[in-house]
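Structure assessment
Here is how the chains run, residue by residue.
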Amino acid sequence: MERTFVLVKPDGVQRGLMGEVISRLERRGLKMIAAKFVAVNRELAEKHYAIHLGKPFYAGLIAYITSSPVLAMVWEGPDAVAAVRQTMGATRPTEATPGTLRHDFALQVGRNLTHASDSPENGEIEIELWFEDNELVSWSRETDRWILE
Ligand code: DAT
Ligand code: MG
């Protein structure tokens, strides 16, 4: 089953939206297999956002993600990467579809609430960066036969 890495960023935590993010992913049918609350240090932030090094918004992005704790999670499901990014909405909240998290709860790209992996390959890399193997919980969910065909 596909896995993806998800963050509720500092603005989402500060605004009390952790539950909202979890709730939307849960009711979509995705399954949480790991979660932890993390004060992100500069080293982890730089590794996580290494692909954005050199971009004009890089310094601001590092400052933002290290400014206050985040909720780091791993979610699993069929096409989990695409499903989670669809639920998050476009990077720029003003381009996000109504009904998505970024449309419904954000206005600016620099305060867009969440991070989600953009490919299964990057998902695995991000999961390895943020979690130890023994923090990933394999569990069977009673409702799976009503969600997964
Ligand atoms: P996403 O988070 O949708 O995967 P991304 O990987 O392109 O988007 O960028 C990572 C984060 O960097 C994004 O969530 C917010 C910030 N960001 C991206 N483009 C930006 C821009 N033009 N100005 C300011 N911040 C930006
Ligand atoms: Mg991205």
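The following paragraphs examine the structure supplied in this document. Counting of residues starts from 1 at the beginning of each chain's written sequence and follows it residue by residue. Naming scheme: in the order in which they are written, chains are lettered from A and ligands are numbered from 1. pLDDT decides what is reported in this predicted model: residues at 70 or higher carry local features, side-chain atom pairs at 80 or more are listed and counted, and totals for whole chains, interfaces and linings draw on all residues regardless. Side-chain metrics in this entry use all non-hydrogen atoms of the structure; hydrogen atoms and water are not considered.

A short note on the packing of aromatic side chains
Working definition: a ring pair exists when centres of Phe, Tyr or Trp rings (six-membered ring for Trp) sit within 6.5 Å. Plane angles under 30 degrees give stacked, over 60 give edge-to-face, the rest tilted. Tallied over the full model, the rule gives two aromatic pairs. With centroids separated by 6.4 Å and ring planes inclined at 70 degrees, the aromatic side chains of Phe5 and Phe131 adopt a geometry described as edge-to-face. Of this pair, Phe5 sits in strand 1 (residues 2-8) while Phe131 sits in the loop between helix 7 (120-130) and helix 8 (144-147), and the two are 126 residues apart along the sequence. With respect to class, Phe5 is no different from Phe131; both count as buried. Members of the aromatic cluster, connected to one another through ring pairs, are Phe5, Trp130 and Phe131. Only when the NZ of Lys or the CZ of Arg is both within 6 Å of the ring centre and within 35 degrees of the ring normal is a charge said to sit over the ring. Positioned over the ring face of Trp139 is Lys31, at 5.3 Å from the centre of the ring. Positioned over the ring face of Phe131 is Lys36, at 4.8 Å from the centre of the ring. Helix and strand definitions here come from DSSP, where helices need a minimum of 4 consecutive H or I residues and strands a minimum of 2 consecutive E residues; each element is numbered from the N-terminal end. To sort residues, take the accessible area from a 1.4 Å probe on protein chains only and compare it with the maximum for the residue type: under 20% means buried, over 50% means exposed, and anything in between is partly exposed.

Thoughts on unusual backbone geometry
You will see that Asp79, though not glycine, has its phi angle at about 50 degrees, which is positive. Here Asp79 lies in the loop between strand 3 (70-77) and helix 5 (80-88). For Leu113, which is not glycine, the phi dihedral falls at a positive 75 degrees. Take Leu113: it is sitting in the loop between helix 6 (101-105) and strand 4 (114-116).

Looking at the layout of surface pockets
Think of a ball as big as a water molecule: rolled over the atoms, this probe shows where empty space is left. Of the grid points, spaced at 1 Å and generated over the protein atoms alone, those admitting a 1.4 Å probe that cannot get out make up cavities, while open sets with protein on both sides within 12 Å along at least five of seven lines make up pockets; any residue with an atom within 4 Å of a point is treated as lining. Grid points are joined across faces, edges and corners, and a volume is the space filled by probe spheres set on the points. What the largest pocket holds in volume is close to 680 Å³. Lys9, Tyr49, His52, Leu61 and His115 are the residues nearest the centre of the largest pocket, which is lined by 30 residues in total. Counting residues per element, the ones that place at least two in the lining of the largest pocket are helix 3 (42-48), helix 4 (58-65), helix 5, strand 4 and helix 7. A total of four residues in the lining of the largest pocket trace back to one element, the largest contributor, which is helix 7.

Notes on the sheet that holds strand 3
In a beta sheet, neighbouring strands are held together by backbone hydrogen bonds and run either parallel or antiparallel to one another. Spatially, four strands are ordered 2-3-1-4 in an open sheet, and the strand pairing comes out antiparallel. Edge positions in the sheet fall to strand 2 (31-38) and strand 4, since each has one partner strand and no second. The mean inter-strand angle of the sheet, taken between neighbouring strand axes irrespective of direction, is 15 degrees. Strands qualify as paired when DSSP identifies two bridges or more between them. Pairing between strand 1 and strand 4: three bridges, direction antiparallel. Residue pairing for strand 4: Val8 is matched across the bridge by Thr114. Throughout, an axis means a line fitted to C-alpha atoms (over the contacting stretch in the case of helices), and angles, computed between N-to-C directions, take values from 0 to 180 degrees.

Points about the nonpolar core
The term nonpolar core refers to a set of buried residues drawn from Ala, Val, Leu, Ile, Met, Phe, Trp, Tyr and Cys, joined through side-chain atoms within 4.5 Å. Of all hydrophobic cores here, the largest spans 21 residues; its most connected members are Trp130 and Phe131. If you list the elements that add at least two residues to this core, you get strand 1, strand 2, helix 3, helix 4, strand 3 and helix 7. The biggest single contributor to this core is helix 4, with five residues. If sequence neighbours within four positions are ignored, Trp130 has contacts with Phe5, Leu7, Lys36, Val38, Val40, Leu44, His48, Val70, Ala72 and Glu135. Val6, Val8, Ala83 and Val84 belong to the second largest nonpolar core, which has 15 residues in total. Two residues qualify as a contact provided that any one of their heavy atoms is within 4.5 Å of a heavy atom in the partner residue.

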